[in-house]
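Observations on chain architecture
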Amino acid sequence: MSDSVLVYKGSELASYGFGDPHPFGFDRHDVFQRELVKAGLDTQLEFARPRQASVDELLLFHTADYIDMVSRKSSEGRGYLDDGDTPAMPGIFDAASVVVGTTLAAVDAIMAGSCKRAFVPIAGLHHAARDRAAGFCVFNDCGVAVEYLRKNYGISRVAYVDIDAHHGDGVFYGFEDDPDLIFADVHEDGRYLYPGTGAAEETGKGPARGTKLNIPIAPGAVDSDFYREWERVEQYLEEAKPEFILFQGGADSLEGDPITHLCYTEEAHARAAAALCRIADKHCEGRIVGTGGGGYNRDNLARAWTRIVQSFVAAG
Ligand SMILES: [Zn+2]
């Protein structure tokens, strides 16, 4: 198996966004790629091209009616896919399918042994539900990846770990009654931030009751607050013994994000990524896919995502 780290790069991936003045602009991909070069990491990585997901792949997580609706609205190219957060941009169907396809390509590359870890900027669209768009997220690439790992590789114990400022509600509720989806999410307390969910008492439903970890954190939380909670995430993952880790490393939990109120530095992302690599090495044959998630202050997202990649490289 190759020990290399793969980063996905390409205009098809950059085309997922909503243009000015929407916070999820088209420039986020390039800002990150430039920072990788500035940090000297581009020479220590391999790059791979995005690919588009097929409708059959989208159907692993999403409903047929919802996929049809996105396709229709994408052709019309006006209005919103939800209540006003996620514009129906012309071509958004293809762009959102590329985000999903690229996360699946990262899964395939790791499962084929052509790399050990992979990072997909722009992906980690954690608010999209099985049957609706939400919070800038059209298709839920991580949700599809969980089902894809099960169907194509027989891997059922997937851990989804999310440090974006927002709760990963699309993933959480998509697998709320599924005891095999290992879920840990540290996010700004839902009383103060969209989407308002993810209370500590939300631990799963039915057969999954008591199996999931939601950790709301107060507005203004700094790195030391995060590290205190993060210890619980590590302990939880050690006990859960996942076979594959999907990491949503949203950079909107850094101080200065225009739409959230957390105050971490990029060290939080570096440390979380390093810890996840250790846990992946112990339980998952090293297998981890990182996704960029949110982050609307451009300097913050560039630094936080770059530090995640740096931790992946340093972990060997
Ligand atoms: Zn977010």
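Here goes a summary of the coordinates provided. (Residues numbered from 1 in each chain as written. Predicted model: local features only at pLDDT ≥ 70, side-chain atom pairs only at ≥ 80, totals over all residues. Heavy atoms only, no water.)

1. So, the coordination of the zinc ion
- Distances from the zinc ion to its protein donors, Asp-164 (OD), His-166 (ND1) and Asp-252 (OD), fall at 1.9 to 2.0 Å.
- Within one chain, the residues serving as donors to the zinc ion are arranged as D-x1-H-x85-D. Separated by 88 residues along the polypeptide, Asp-164 in the loop between strand 4 (158-162) and helix 7 (169-174) and Asp-252 in the loop between strand 7 (244-248) and helix 9 (266-283) bring together distant segments of the chain.
- Taking the relative accessible area as the measure of exposure, Asp-164 reaches 1% and is therefore buried.
- Judged by its relative accessible area of 0%, Asp-252 falls in the buried class. (Donors = N, O, S within 2.8 Å, 3.2 Å for Na, K, Ca; no water. Helix = DSSP H or I, 4+ residues; strand = E, 2+ residues; numbered from the N terminus. Buried < 20%, exposed > 50% of the residue type's maximum accessible area, 1.4 Å probe, protein only.)

2. Some points on the side chain of His-187
- Its place among the elements puts His-187 in strand 5 (residues 182-188).
- Taking the relative accessible area as the measure of exposure, His-187 reaches 0% and is therefore buried.
- Setting aside residues up to four positions removed in sequence, His-187 forms contacts with Asp-164, Ala-165, His-166, His-167, Thr-197, Gly-198, Asn-214, Ile-215, Pro-216 and Ile-217. (Contact = heavy atoms within 4.5 Å.)

3. Comments concerning the nonpolar core
- Tyr-8, Tyr-16 and Phe-139 are the most contacted members of the largest nonpolar core, which totals 109 residues.
- When residues in this core are grouped by element, the largest group, 13 residues, is from helix 5 (residues 92-111).
- Contacts of Tyr-16, omitting those with residues within four sequence positions, involve Phe-24, Gly-25, Phe-26, Ile-92, Ala-95, Ala-96, Val-99, Ile-122, Leu-125, Phe-136, Cys-137 and Val-138. (Core = buried A, V, L, I, M, F, W, Y, C linked by side-chain atoms within 4.5 Å.)

4. Quick look at the sheet that holds strand 6 (residues 213-217)
- Read across the sheet, 8 strands follow the order 2-1-3-8-7-4-5-6 without closing on themselves; strand pairing throughout is parallel. Of all the strands in the sheet, just strand 2 (46-48) and strand 6 have a single pairing partner and so form its edges. In this sheet, neighbouring strand axes are inclined to one another by 15 degrees on average, regardless of whether the strands run parallel or antiparallel.
- Judged from the 3 bridges that link them, strand 1 (residues 5-8) and strand 3 (residues 117-120) form a sheet pairing that is parallel. Looking at the pairing, Val-5 lines up with Arg-117 of strand 3.
- Set on the sheet, helix 5 makes contact with strand 1, strand 3, strand 7 and strand 8 (288-291); between it and strand 3 the angle comes to about 170 degrees.
- Packed on one face of the sheet, helix 9 meets strand 3, strand 4, strand 7 and strand 8 and runs near 170 degrees to strand 7. (Pairing = 2+ DSSP bridges. Axes fitted to C-alpha atoms, helices over the stretch in contact; angles between N-to-C directions.)

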